[in-house]
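Here are the chains, one letter per residue:
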Amino acid sequence: VDLPPEEDQELCIPAKNSGIDFIRLATPTTDQKRLKTVLKNASGFIYYVSVNGITGAKSSDPETLKIEITEIKKQTSLPVCVGFGIKTDTDAKRISSFSDGVVVGSAIIDLIERKETLAKVQDFIRNIASAIHIRQWKLRIIINRIVIKENLTKSDRQSFWLRFYTVGLSSF
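Residues numbered from 1 in each chain as written. Predicted model: local features only at pLDDT ≥ 70, side-chain atom pairs only at ≥ 80, totals over all residues. Heavy atoms only, no water.

(A) Just helix H5 (residues 106–113), in detail. Regarding H5, the residues found buried are Ser106, Ala107, Ile108 and Leu111. On its buried face, H5 sits against helix H6 (118–133). Lys115 lies just past H5 and shows a positive phi near 60 degrees. (Buried < 20%, exposed > 50% of the residue type's maximum accessible area, 1.4 Å probe, protein only. Helix = DSSP H or I, 4+ residues; strand = E, 2+ residues; numbered from the N terminus. Contact = heavy atoms within 4.5 Å.)

Okay, structure coming up:
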């Protein structure tokens, strides 16, 4: 994820040649020229870091974020998933309304560091999942892109989706 495009020969190209997607980062400070470079060998999805600074520190303005994501989507067919600053199920629901997914990390780590019970951590994750599963079709598109790439039949894709959805929810 964090390898600059200028170093693609070292890890990105060998990973892609081995069938491993290479996730790229884009940020609010990524200008149009740099974005073209970032997108060049990207695969899987684009991880959009929604705020400047450290993860979990603050949240971004949803309207500005929507504009930024829309601009990136004009330049790539890859899904764009947003991370950094997503702390609540409300944040996840709002951001998933214009992105292809959300990445929640620091909010979960904060619960663990506060020594919250496993049940409370699971409830938090379940609430996030419920908020974004309202937009379940978006997750299906991402999963289908992955399994179509593997040349699976429609029946196998449906089976894969069912297993993914069941395992994803039952693990919490």
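(B) Spotlight on the pattern of salt bridges. Taken as a whole and judged by the stated rule, the model has eight salt bridges. Asp100 is the salt-bridge partner of Lys73, the closest N and O atoms lying 2.9 Å from each other. One end of the pair, Lys73, is in helix H3 (residues 62–73); the other, Asp100, is in the loop between helix H4 (89–96) and strand S4 (101–103), and 27 residues separate them in sequence. You can call Lys73 partly exposed: its relative accessible area is 32%. Given the relative accessible area of 18%, Asp100 is considered buried. (Salt bridge = Lys/Arg side-chain N within 4 Å of Asp/Glu carboxyl O.)

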